[in-house]
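Chains, contacts and geometry: an overview
Each chain is listed here by its residues.
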Amino acid sequence: MVFLPPPHLASASRPTYAEAYANILVAHRRSPLTSASSVIILVAPDVDALCAAKILADLLKQDDVMHRIIPVSGLADLERMKDELVTYAELHTLILLNMGAILDLSSENWFGEFSMKLTVHIIDSNRPQNLANLFAGGENGERFIVWDDGEAENMGEERKAWEALMYDPEPDSDEDSESDDEDDAPSGKRRSLGDGDRNQEKRRKLDDESTRLSREQRDTYHELIAKYYGSGSWYGQSASATMYILATVLERVDCDLLWLAILGLTFQYTTARISRDTYDKYHSIYYDEVFRLNPLPPDVTANTSDAITATSPDDLSVRVVEELRFMLFRHWTLYDSMYHSSYVAGKLGIWKERGRKRLTGLLAKMGFSIPQTQQPYAHMDLDLKHQLRAKLDSIAPEYGLVELTYPSFARCFGYRASPLGAADAVEAVSALLDVAGGVRMEVEVEGARHGGEWFGGGRLWEGGRNGEEKRIEVDGRQKDGDDDVDPDVDGEERKERTWWVKNFWAAYDALSDIVPLRDALSLAMSLHRAIIRQGTSIIDKQDIRTMRSHRVVVLSQGPDLALFAHPGVLARLGLWLVDTLRDRLPGTKIGGLQGRGKKSLPFVVACLNEKTQTYVVVGIMGALDFGDVRRNEFGLAFIEAKQRCNARSRHNTFDASVLEIEQEDLKLFLETLCEVGEGY
């Protein structure tokens, strides 16, 4: 068995995370060629994977294990990295964070031909997982270890089907023809074989037939496995949660690691990867951890979302809060934070003048003057802050705003910075990952509003504090990012990869340094301004085309085109459209005319990349109910559509529902996708 159950399902015969980690340490200490290339961690470009890498790196550092962290942007990058890793003679442990679960890693196409001393650990929240990684045995299969969240324990039917099809050979037509020939042979020739030999052979054949699968059973197993792979993509336990569980078992948890695990969970929730029920399940676990690791002094009571203060200059505690669904409201103006909230936008319709008046009317009815709501939240009158929650609870339901809060966490940073909510930190890190470099972004300078904004008060984001790019020297990371580029790649792609790697390390460093994280909040604000600007333009101009089973938005011009050519930013725009139009558009049933499944809001958003003359296409499966999540079935639909129309395309990320396609092929691809829509 090559999947590790979580600790609560482990037994004496079933090793778990701690045993796998101990094996990594043993392999490292026994290796005669110990170097930073002995243990390599490949990390996907998302906040959850970053947090998991940070936790794992901290654990390895405590155990004096040298390692390298290498960012990998997608399947093509992983394939390039595989070709390089073959040359590493000292490599004995490879750890994949949020990548690789769907790939048959033991095959010759990936790591099957690597040295038998190499062990590959897969810590991936993406689902479905490749059944060969979970259930393959043998000396080669045992080298691939999936850190599971308990889901594989409930896959008995899939396991039985996979093992039956894998280890039971297909009926051999040659054997059937031989047996027919033998029956048709002359009786004298058959008799010459001898009665004993003939009876023995018949018994053997009868035994084989009794154990061999019937054709009907084989078809049933094929359908079961096809259903597992074809039910769409979804997400399991976050990679950062898996790493935090490991730290808990090793008895090394602290506030820093807890905060990273909370960020991973919050990222999954705010990007609609997990449902509210799943979020609440993990939130209750972290809730207990917060009070275990952060006992409040007797004179300090539990906080509400608007009354978090650091108790001392060195207070780095994590607090439990009820988070408002206002975007970055602790660091923005109250009006802007509500205006840029997708939940508020959907309920009030802020893309119309009437909706903006309703928002102003809501604030006026609460007793908040326009000057108060237009200044930074930190500078608002203290009594207004204390009244905010009560006012919202009493007045907001009149405007349909009934789910304005959700349970979350915030962290104090002493007197260095104001407390930071988990959702705010996720927004800042995501902004650094997507657009810290490579795109011209204008950010607002605090205090430049009311006159200054219109007279040069903004400034261009320059990639770091004081406009300086920090040289990164730890673990050879700068080399991994800049020099590790395939010479066959053209200049534009090399430049894009270099920017992406710099963004990765900027986000990675910000997880443990409040100064760049705080500076990135202004970048996140600019990003959301662009999303609202583009989203309202799409709705105003009625650029949403309704197809048979989904809706399509194509961006081919505009001032922010270069920004939305990034898949992460384009996916955010798609999520904003889903949240905003959830109550205003009828849902469609997945499966077209057959009406299988539940109604949902499938969106396909495409944006032109003018540099490469290609379109980035993102498929989003929105749920009709707020807080619910649907499995994303666009991945398989995209693959089938591009195969039908022979569109020139490539998958540059680990998300199958993100595709890059040639500009000339987009129209044909979208038409074919409508036909494929009958089946997804």
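A brief report on the enclosed structure follows. Remember, it's a predicted structure, so these values are computed and weren't measured experimentally.

How each quantity is defined
Each chain carries its own residue numbering, running from 1 in the direction its sequence is written. Totals for whole chains, interfaces and linings use every residue, but because this is a predicted model, local features are given only for residues with pLDDT of at least 70 and side-chain atom pairs only at 80 or more, for both listing and counting. Heavy atoms throughout the structure, all of them, feed into the side-chain values; hydrogens and water do not. Put simply, DSSP marks the helices as runs of H or I at least four residues long and the strands as runs of E at least two long, and each gets a number from the N terminus on. With a 1.4 Å probe rolled over the protein chains alone, any residue whose accessible area is under 20% of its type maximum counts as buried; one over 50% counts as exposed, and the rest are partly exposed. Residue contacts follow a heavy-atom distance rule, with two residues in contact if any of their heavy atoms lie within 4.5 Å. Accessible surface is estimated by sampling points in the Shrake-Rupley manner with a 1.4 Å probe; for residues, cover comes only from the protein chains shown. Strand pairing requires that DSSP identify at least two bridges connecting the strands. Every axis in this analysis is a line fitted to C-alpha atoms, fitted for helices over the stretch in contact. Angles between the N-to-C directions lie between 0 and 180 degrees. Angles below 35 degrees are treated as roughly parallel, those above 145 as roughly antiparallel, those between 65 and 115 as roughly perpendicular, and all remaining angles as oblique. Put simply, Ala, Val, Leu, Ile, Met, Phe, Trp, Tyr, Cys and Pro go in the nonpolar bin, Asp, Glu, Lys and Arg in the charged bin, and everything else, Gly too, in the polar bin. Buried Ala, Val, Leu, Ile, Met, Phe, Trp, Tyr and Cys residues form a nonpolar core when they are joined through side-chain atoms within 4.5 Å. Two aromatic rings from Phe, Tyr or Trp, using only the six-membered ring of Trp, form a pair when their centres are within 6.5 Å; if the ring planes differ by under 30 degrees the pair is stacked, by over 60 it is edge-to-face, and anything between is tilted. Note on definitions: salt bridges are taken to be side-chain nitrogens of Lys or Arg within 4 Å of carboxyl oxygens of Asp or Glu. The span expected for a helix works out to 1.5 Å for each residue beyond the first. Two N or O atoms count as a polar contact when they lie within 3.5 Å, although within protein this holds only if one can serve as hydrogen donor and the other as acceptor, and sequence-adjacent residues are included solely when both atoms are side-chain atoms.

1. Thoughts on the overall build of the protein chain
When helices and strands are tallied, the protein chain shows 26 helices and 20 strands. Going through the 680 residues of the protein chain one by one, you find that 54% of them count as buried. Across the protein chain, contacts joining residues at least 24 apart in sequence account for 74% of those joining residues at least 6 apart. As displayed, the protein chain offers around 30900 Å² of accessible surface, 49% of which is attributable to carbon and sulfur atoms.

2. Structural notes on the sheet that holds strand E1 (residues 3-4)
Pairing is parallel across the open sheet formed by six strands, whose spatial order is E1-E7-E5-E4-E2-E3. Single-partner strands in this sheet number two, and they are E1 and strand E3 (68-71). The sheet contact formed by strand E4 (residues 93-97) and strand E5 (residues 119-123) spans five bridges and is parallel. Across the sheet, residue Leu94 finds its bridge partner in E5, namely Val120. Sheet contacts for helix H3 (residues 75-85): strand E2 (39-43), E3 and E4; angle to E2, the most-contacted strand, approximately 170°.

3. What to know about the packing of helix H19 (residues 422-435) against helix H24 (residues 567-581)
At a closest axis distance of 8 Å, the pairing of H19 and H24 adopts a crossing angle of 130°. In this view, H19 runs oblique relative to H24, as classed from their interaxial angle. Contact with H19, carried on its side by Glu427, Ser430, Ala431, Asp434 and Val435, involves Gly568, Val569 and Arg572 of H24 and no other residues of that element. Its residues placed into classes, the contact of H19 with H24 shows three nonpolar, two polar and three charged.

4. Section: the pairing of strand E7 (residues 144-147)
Side chains Phe144 and Val146 of E7 all project onto a buried face; the interleaved residues Ile145 and Trp147 project onto the opposite face, where all are buried too. Note: E1 against E7, two bridges, orientation parallel. Paired with Phe3 across the two strands is Val146, which belongs to E7. With three bridges connecting them, E5 and E7 associate as parallel partners. Pairing of Val120 across the sheet is with Phe144, part of E7.

5. Focus on the nonpolar core
Membership of the largest hydrophobic core comes to 203 residues, with the highest contact counts inside it found for Leu42, Leu85, Val617 and Phe669. The biggest single contributor to this core is helix H22 (residues 514-540), with 14 residues. Apart from the residues lying within four places of it in its own chain, the contact partners of Phe669 are Val617, Phe638, Ala641, Lys642, Cys645, Leu659 and Ile661. If you look at the next biggest cluster of nonpolar residues, it comprises five residues, including Ile308, Ala310, Val321 and Ala410.

6. Examining the sheet that holds strand E11 (residues 417-421)
An order of E9-E10-E11 is seen for the three strands of this open sheet, with the pairing classed as antiparallel. Because the sheet does not close on itself, it has two edges, and the strands there are strand E9 (318-324) and E11. The mean angle between the axes of side-by-side strands here comes to 35°, regardless of whether they run parallel or antiparallel. As judged from the seven bridges shared by E9 and strand E10 (residues 405-413), these two strands associate in the antiparallel manner. Each bridged residue has a counterpart across the sheet, and for Arg319 the counterpart in E10 is Ala410. Sitting on the sheet, helix H13 (residues 276-293) touches E9 and E10, and the angle it makes with E10 is about 35°.

7. A few points about the environment of Arg14
Inspection of the secondary structure assignment puts Arg14 in the loop between E1 and helix H1 (17-30). When the C-alpha atoms of Arg14 and Leu4 are compared, they prove to be 7.6 Å apart, with ten residues separating the residues in sequence.

8. Here we look at the packing of aromatic side chains
All told, the structure shown has 20 aromatic pairs when counted by the stated rule. A centroid spacing of 6.4 Å and a plane angle of 15° characterise the contact between Phe504 and Tyr508, whose relative ring orientation is stacked. A residue pair is termed a helical-turn pair when its members lie 3 or 4 positions apart in one helix, as Phe504 and Tyr508 do in helix H21 (residues 491-510) at four residues. Phe504 gets classed as buried once you look at its relative accessible area, which sits at 0%. Taking relative accessible area as the criterion, Tyr508 reaches 6% and is therefore assigned buried. Here Trp505 and Tyr508 contribute two aromatic rings whose centre-to-centre distance is 5.3 Å and whose plane-to-plane angle is 85°, an arrangement assigned as edge-to-face. Taken together, the positions of Trp505 and Tyr508, both in helix H21 and three residues apart, correspond to about one turn of that helix.

9. A look at the pattern of salt bridges
Throughout the structure, instances matching the rule amount to 23 salt bridges. Across the salt bridge formed by Arg319 and Asp315, the nearest N and O atoms sit 3.0 Å from each other. Take Arg319 and Asp315: they sit in the same class, and that class is buried. Each of Arg127, Asp149 and Glu151 takes part in salt bridges that share partners, so that together they form one network.

10. Considerations on the environment of Ala423
Among the structural elements, Ala423 can be located in helix H19. The spatial distance from the C-alpha of Ala423 to the C-alpha of Thr270 is 7.4 Å, given a sequence separation of 153 residues. Discounting residues that sit within four places of it in the chain, Ala423 has contacts with Thr266, Glu323 and Tyr406.

11. As for H13
At 3.6 residues per turn, the α-helix brings residues three or four places apart onto the same side. Taking 1.5 Å as the rise per residue, H13 with 18 residues should run 26 Å; its terminal C-alpha atoms sit 25 Å apart, in good agreement. Here H13 has its buried residues at Tyr279, Tyr282, His283, Tyr286, Glu289 and Val290. In this structure, the buried residues of H13 make contact with helix H11 (239-249), helix H12 (255-270), E9 and E10.

12. Considerations on unusual backbone geometry
The omega torsion of the bond from Arg127 to Pro128 falls at 5°, within 30 degrees of zero and hence cis. Inspection of the secondary structure assignment puts Pro128 in the loop between strand E6 (126-127) and helix H4 (131-135). Unlike most non-glycine residues, Gln542 shows phi in positive territory, near 55°. Summarising the element assignment, Gln542 is placed in the loop between H22 and strand E14 (545-546). The class for Gln542 is exposed, based on a relative accessible area of 68%.

13. A short note on the environment of His651
With respect to the element layout, His651 can be found in the loop between strand E19 (649-650) and strand E20 (658-662). On the accessibility criterion, His651 (16% relative accessible area) is buried. As a C-alpha pair, His651 and Val616 span 35 residues in sequence and 9.8 Å in three-dimensional space. The contact partners of His651, leaving out residues within four places of it in the chain, are Leu75, Ala76, Ile639, Lys642, Ala656, Val658 and Leu659. For His651, the side chain forms a polar contact with the main-chain oxygen of Val658, separated by 3.1 Å.

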